[in-house]
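So the chains spell out like this:
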Amino acid sequence: MSVKKEIVERVCDILAKREWGQETVQALSDLDLNLSPFQINEVLKQQKDTERALSFFNWAKDQRGYKHDAHTYTTMLGILGRARNFEALDCLFNEMLREGCKPSIVTYNRLIHSYGRANYLEASRNIFNHMHTVGCKPDRVTYGTLIDLHTKAGCHDTAVGFYDMMQQAGYCPDTFTYSLMIHCFGKAGKLTAAYRLFCEMVDQGYPPSLVTYNTMIDHFAKAGKFDMAMKLYNDMKEAGYRPDQVTYSIMMEVLGHSGHVEEAELVLFEMEQAGWTADAPIYGLMVDLWGKSGNAEKAVEWFNKMIHSGVKANVPACNSLLSAYLRLNSYNAAREVLQSMSKWGLDPSLQTYTLLLSCCKGTEQQQQIDLMLSLKGRIEHPAHTFLCSFLTSEPSDTRSLIRHFFDCMQFEEQETKRGFADSLIDFLHDSGLKSAAGHVWDIVVEKSLYPRAVTDKTPHHWSVNLHVMSIGTALVALLRTLVLFKERMVTSGVAPERVYIITGWGRRSRVAGASLVKHAVESLLNSLGSPFHIDGANLGCFVSKGKPLFQWLTEPQVEQVLVF
DNA sequence: GGATACAGTC
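Keep in mind the model is a prediction, meaning the values are calculated, not measured.

Calculation notes
- Residues numbered from 1 in each chain as written.
- Chains lettered and ligands numbered in written order.
- Predicted model: local features only at pLDDT ≥ 70, side-chain atom pairs only at ≥ 80, totals over all residues.
- Heavy atoms only, no water.
- Helix = DSSP H or I, 4+ residues; strand = E, 2+ residues; numbered from the N terminus.
- Rg over C-alpha atoms; globule rule 2.2 N^0.38 Å.
- Buried < 20%, exposed > 50% of the residue type's maximum accessible area, 1.4 Å probe, protein only.
- Contact = heavy atoms within 4.5 Å.
- Areas by Shrake-Rupley, 256 points an atom, 1.4 Å probe, with all protein chains shown as cover.
- Lys, Arg positive; Asp, Glu negative; His and termini not counted.
- Charge placed at Lys NZ, Arg CZ, Asp CG, Glu CD.
- Pairing = 2+ DSSP bridges.
- Axes fitted to C-alpha atoms, helices over the stretch in contact; angles between N-to-C directions.
- Parallel < 35°, antiparallel > 145°, perpendicular 65-115°, else oblique.
- Nonpolar A, V, L, I, M, F, W, Y, C, P; charged D, E, K, R; others polar.
- Patch = residues over 30% accessible without salt bridge, like charges linked within 9 Å, V, L, I, M, F, W, Y side chains within 5 Å.
- Salt bridge = Lys/Arg side-chain N within 4 Å of Asp/Glu carboxyl O.
- Phe/Tyr/Trp six-rings, centres within 6.5 Å; stacked < 30°, edge-to-face > 60°.
- Near = heavy atom within 4 Å.
- Polar contact = N/O pair within 3.5 Å; in protein donor to acceptor, adjacent residues only side chain to side chain.
- Core = buried A, V, L, I, M, F, W, Y, C linked by side-chain atoms within 4.5 Å.

A. Spatial organisation of the overall build of chain A. Regarding its fold elements, chain A presents 30 helices and five strands. Here chain A has a C-alpha radius of gyration of 27 Å; the compact-globule value for 564 residues is 24 Å, and the two agree. With the C-alpha coordinates aligned to their principal axes, the bounding extent of chain A is approximately 85 × 60 × 55 Å. Taken across its 564 residues, chain A has 48% of its residues classed as buried. Sequence separation of at least 24 residues holds for 62% of the intrachain contacts in chain A that already meet a minimum separation of 6. Only carbon and sulfur atoms are counted for the fraction: they give 52% of the accessible area of chain A, which is about 28,400 Å². Once the 57 positive and 62 negative side-chain charges of chain A are each reduced to a mean point, those two points are 3 Å apart.

B. Spatial organisation of the sheet that holds strand β5 (residues 541-545). Sheet architecture is open: five strands sit in the order β1-β2-β3-β5-β4, paired in mixed fashion. The open sheet is flanked by β1 (454-458) and β4 (533-534), the only strands paired with a single partner. Taken together, the two bridges between β4 and β5 define a ladder with antiparallel strand orientation. Its bridge partner being in β5, I534 is matched across the sheet by F542.

C. Structural context of the packing of helix α3 (residues 37-45) against helix α4 (residues 50-61). Remark: α3 packs on α4, axes separated minimally by 10 Å, with the N-to-C direction vectors making an angle of 170°. One element, α3, and the other, α4, form an angle in the roughly antiparallel class. Here I40, V43 and L44 of α3 lie close against α4, whose contacting residues are A53, F56, F57 and A60. Here the residues of the contact of α3 with α4 are counted per class, giving seven nonpolar, no polar and no charged.

D. Fine view of a nonpolar patch on the surface. Residues W505, I534 and L539 make up a contiguous nonpolar surface patch of roughly 260 Å² in combined accessible area. Following the sequence through the fold, L539 ends up in the loop between β4 and β5. The class of L539 is partly exposed, set by a relative accessible area of 48%.

E. Spotlight on the packing of aromatic side chains. Applying the stated criterion across every chain yields a total of 28 aromatic pairs. Note on F128 and Y143: the rings are 5.6 Å apart at their centroids and 75° apart in plane angle, and the pair reads as edge-to-face. Residue F128 is located in helix α8 (residues 121-133), and its partner Y143 is located in helix α9 (residues 140-152); the two are separated by 15 residues in the primary sequence. Of the two residues, F128 and Y143, both sit in the buried class.

F. Inspection of the protein's contact with DNA strand B at higher detail. The immediate surroundings of DNA strand B are formed by 43 residues, with S104, N109, P281, K292 and Q351 found nearest. Each atom of DNA strand B within 4 Å of the protein was classed as base or backbone; sugar and phosphate made up 37%. D139 places a polar side-chain atom, nitrogen or oxygen, 3.3 Å from a base nitrogen of DNA strand B. N319 places a side-chain nitrogen or oxygen 2.9 Å from a base oxygen of DNA strand B. Grouping the amino acids of the surface near DNA strand B by side-chain chemistry returns 13 nonpolar, 16 polar and 14 charged.

G. Representation of the environment of L268 within the structure. Relative to the helices and strands, L268 is located in helix α16 (residues 261-273). Residue classification places L268 among the buried positions, given a relative accessible area of 0%. When the C-alpha positions of L268 and T107 are compared, they lie 41 Å apart, and in sequence the two are 161 residues distant. In this structure L268 touches M252, I282, M286 and W302, once residues within four positions along its chain are discounted.

H. Highlighting the pairing of strand β3 (residues 498-502). Here strand β2 (residues 461-465) pairs with β3 via five bridges, running parallel. By the bridge assignment for β3, S463 is matched with Y500. Bridge analysis of β3 against β5 gives five bridges, and the strand direction is antiparallel. Paired with I501 across the bridge in β5 is F542.

I. Structural view of unusual backbone geometry. Located in the positive-phi region is N329, a residue other than glycine, with phi close to 60°. By the secondary structure assignment, N329 is in the loop between α19 (315-327) and α20 (331-343). Even without glycine at this site, S448 takes up a positive phi of about 60°. Tracing the backbone shows S448 in the loop between α26 (434-446) and β1. For S448, a relative accessible area of 40% translates into the label partly exposed.

J. Representation of the pairing of β1. Inspection of the sheet shows β1 paired to β2 by four bridges, in the antiparallel sense. What sits directly across from T458, in β2, is H461. Here β1 folds back onto β2 in antiparallel fashion, the turn holding two residues.

K. Examining the nonpolar core more closely. Grouped together as the largest cluster of nonpolar side chains are 174 residues, with contacts concentrated most on F420 and L466. Counting residues per element, this core draws most heavily on helix α27 (residues 471-492), at nine residues. Excluding residues that lie within four positions of it along the chain, L466 makes contacts with A474, A477, L478, I501, I502, V517 and V521.

L. Broad picture of the side chain of R52. By secondary structure assignment, the location of R52 is in helix α4. Within the buried set, R52 has no salt-bridge partner at all; the shortest N-O distance to an opposite charge, 4.0 Å, is to E19. Setting aside residues no more than four positions away along its own chain, R52 makes contact with L15, A16, R18, E19, W20 and Q47.

M. Representation of the pattern of salt bridges in the model. Throughout the structure, instances matching the rule amount to 19 salt bridges. A salt bridge links R399 to D442, with the shortest nitrogen-to-oxygen separation between them at 3.1 Å. One end of the pair, R399, is in helix α24 (residues 398-408); the other, D442, is in helix α26, with 43 residues separating them in the sequence. Note on R399: relative accessible area 29%, which makes it partly exposed. The partner of E559 in a salt bridge is K486, with the nearest N and O atoms 2.6 Å apart. Pair noted here: E559 is in helix α30 (residues 556-562) and K486 is in helix α27, with a separation of 73 residues, a long-range link. On the basis of relative accessible area, E559 is assigned to the partly exposed category, the value being 30%. The buried category is assigned to K486, whose relative accessible area is 17%.

Below, the structure is given as structure tokens:
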């Protein structure tokens, strides 16, 4: 081992031994070394604990003749970003500038990533714009990071915008960026565009990576195009890739969701034969698949298999098991899952609470309601505190309460927050608390949790997309959006040519052709005598023209329904 | 020497 490497290891050992303190400082100075920024950086990279990393970083700063460089600052900024300590991160970045250390492209890329992963997307875009003003030219990684962040937030159009910008800036897409965009189009439901890019990358001489194959296979499979998924799976093997855990997970999920959970089990065994070991997420997937198929015995069997194989249960796996029991109204078993979680030191997540909330619906037996409430009350999650204060608050306080709660949930994934919001709105709507449900909808729109729900295809075509929502959320969203459309028409004085209400026709529901959302929307529209109708081949889409729509919206009995 | 992607709770 080189002397340089040995020094780095000795420093790491000292740091790992104890909490940062006087003893650490003494031990470091006993080494009597003049560490270079390179070595400091190597040490920093190995630090898992943010506080310790920062103490070491500050200690280094005080060493005689030492000065941090762009690499060490960047690494430290990355560590703070990962810990979501933005106060310290801003402070350190300012210090970097003050010290005359010029941020590099990597520094900016890390900042963009740090803010974006914490859902501060606007801050990410501001940094991107700031780069231009200081003459730092964004590179492929910058664009790739922004594409990924916006894809994850569901802002697919913005992601495409960054892809176009990247090409205008003179960068051709590479394997990495192609994979990102294929994922983006797939997530946006544009399978054809995704596959077109896949073919384009091959034509351009960029070989698809294992990740590209996995992504494309997943999107084909989720869209029900199993022949294409299978073809790519074979192509992938022909290209010399061996399926990895992700490939196997994708296959298992597809099989499970199309009613072939036993085949999914076989894939897991095949995966083990191929030398991979099942981890908590893979076991969790089996628990989930059996649970969703209504077989709680098999779900718990796999859960126990996980424990016995020495894999520690994680929160998602527990949620899957909990969900399996709740689905069958087995509240005592559900309670035991919650107790086990607490015993294992696993904190219930927002999803745990969402599951319990979704179960509070459609129950008329007082005994079941009581059981549910006792389960929910057991959970120490901010969501429970929020819901309790929300249900008892003065109407004038509700909006600020909701806003504050979602502010506290800043770091949760969009999808998770959307799931909670959906259950909450559905629950409130179902309980007859329409006005409260409307407030929640307004705030989640304000927080961009449904970036694709209300869109304008062109200035003359407006649409609202309800097809992934629960019934209650879809109805609340529809009424609120109609109010919005009406206000737009009033202020602009212009009526759009077409207005679309997209409900889906049930492709995603268990029984094809039976969309509960569509039926609920249809009855509401019919009961109010609306001008919306099914037009053309899309059975899940209601259409109307702007002018008759405006007239209808101003009818007194309609206005009455819209005010809540 | 420092930075980016795929599956898995709903």
